[in-house]
Amino acid sequence: MSSIRARSLLVLAAALIGLLAATIPAATANAAVTASDPEGAAGCTAAHGPGNWNNHCVRVNGAGLNVESIEGWIDSKGVPGYPVTVCNVKIEVWGTELGGYPYSNSFQHNTCALGHLGAKFTVNKQFQPGSQVCSKAIWEGKQPQPACVQIRY
């Protein structure tokens, strides 16, 4: 097979994979932090990013209404699934503290990393039962749907 034909097939395969990835709906994270789950909960949704497969994720560390910390990050992989360089991502997290008080925090990365880039926020507060703690990773101004976990007691 000629080198030009092989390259053309690779380009076509990458384009088809990109099209398939773009048409698959983003799954909403549905994990919950419960009193019986001392490790917390995490979930991811599809997002824009530098690779062909990108997810932004949230992890709530704690149990029940107690939120010790919230982590938000973006994972990015290229064809055929190898990590790619991720740069200049803004991580935003938010939720509702016990009593209905809003909580939010953010961090702007001005650096790059291979495969994923994120932030961990120390919270140490109680959150409203039934509320959601969410995160999104903003890359090049593109704001995806949030990845969320529910606070349950």
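Here goes a summary of the coordinates provided. This structure is a prediction, so every number in the text was calculated from the model and none was measured.

## Here's the deal with the overall build of the protein
Here's step 1: Scanning the protein from terminus to terminus reveals 1 helix and 11 strands.
Here's step 2: Ordered by position in the sequence, the α and β elements of the protein form the string α-β-β-β-β-β-β-β-β-β-β-β.
Here's step 3: For the protein, buried positions account for 36% of its 153 residues.
Here's step 4: In the protein, 58% of the contacts between residues at least 6 apart in sequence involve partners at least 24 apart.

## Points about the environment of Leu 98
Here's step 1: Structurally, Leu 98 can be placed in the loop between strand S6 (89–97) and strand S7 (101–108).
Here's step 2: C-alpha of Leu 98 to C-alpha of Phe 127: the two residues are 29 residues apart in sequence and 4.4 Å apart in space.
Here's step 3: Residues contacting Leu 98, with those up to four places away along its chain left out, are Leu 65, Gln 126, Phe 127, Gln 128 and Pro 129.

## Regarding the environment of Phe 107
Here's step 1: Within the fold, Phe 107 resides in strand S7.
Here's step 2: Sequence-wise, Phe 107 and Lys 90 are 17 residues apart; in three dimensions their C-alpha atoms are separated by 5.7 Å.
Here's step 3: Residues contacting Phe 107, with those up to four places away along its chain left out, are Val 89, Lys 90, Ile 91, Ala 119 and Phe 121.

## Re unusual backbone geometry
If a residue is not glycine, its phi is most likely negative; likewise, a peptide bond is most likely trans.
Here's step 1: In this structure, Asn 124 is a non-glycine residue whose phi angle is positive, near 50 degrees.
Here's step 2: For Asn 124, the position within the fold is in strand S9 (residues 116–126).
Here's step 3: Here Glu 140, not a glycine, exhibits a phi torsion of approximately 50 degrees, which is positive.
Here's step 4: Inspection of the secondary structure assignment puts Glu 140 in the loop between strand S10 (132–139) and strand S11 (147–151).
Here's step 5: For Glu 140, a relative accessible area of 58% translates into the label exposed.

## Regarding the side chain of Lys 136
Here's step 1: Tracing the chain through its elements places Lys 136 in strand S10.
Here's step 2: At 4.1 Å, Glu 92 is the nearest oppositely charged side chain to Lys 136, a buried residue that forms no salt bridge.
Here's step 3: Among the polar contacts made by the side chain of Lys 136, one reaches the side chain of Gln 143 at a distance of 2.7 Å.
Here's step 4: In this structure, Lys 136 is in contact with His 56, Lys 90, Ile 91, Glu 92, Trp 94, Gln 143, Pro 144 and Pro 146, ignoring residues within four places of it in sequence.

## Details of the packing of aromatic side chains
Here's step 1: Counted by the stated rule, this structure contains 1 aromatic pair.
Here's step 2: Ring geometry for Tyr 103 and Phe 127: centres 5.8 Å apart, planes at 65 degrees, overall edge-to-face. With Tyr 103 in strand S7 and Phe 127 in the loop between S9 and S10, this pair connects stretches of sequence that are 24 residues apart. Residues Tyr 103 and Phe 127 agree in their burial class; the two are buried.

## Comments concerning the pattern of salt bridges
Here's step 1: Under the definition given, this model contains 3 salt bridges.
Here's step 2: Between Lys 125 and Glu 97 there is a salt bridge; the shortest N-O distance is 3.5 Å. Residue Lys 125 is found in strand S9, and its partner Glu 97 is found in strand S6; the two are separated by 28 residues along the sequence.
Here's step 3: Glu 140 is paired through a salt bridge with Lys 142; the nearest N and O atoms lie 3.9 Å apart.

What counts, and at which threshold
Residues numbered from 1 in each chain as written. Predicted model: local features only at pLDDT ≥ 70, side-chain atom pairs only at ≥ 80, totals over all residues. Heavy atoms only, no water. Helix = DSSP H or I, 4+ residues; strand = E, 2+ residues; numbered from the N terminus. Buried < 20%, exposed > 50% of the residue type's maximum accessible area, 1.4 Å probe, protein only. Contact = heavy atoms within 4.5 Å. Lys, Arg positive; Asp, Glu negative; His and termini not counted. Salt bridge = Lys/Arg side-chain N within 4 Å of Asp/Glu carboxyl O. Polar contact = N/O pair within 3.5 Å; in protein donor to acceptor, adjacent residues only side chain to side chain. Phe/Tyr/Trp six-rings, centres within 6.5 Å; stacked < 30°, edge-to-face > 60°.

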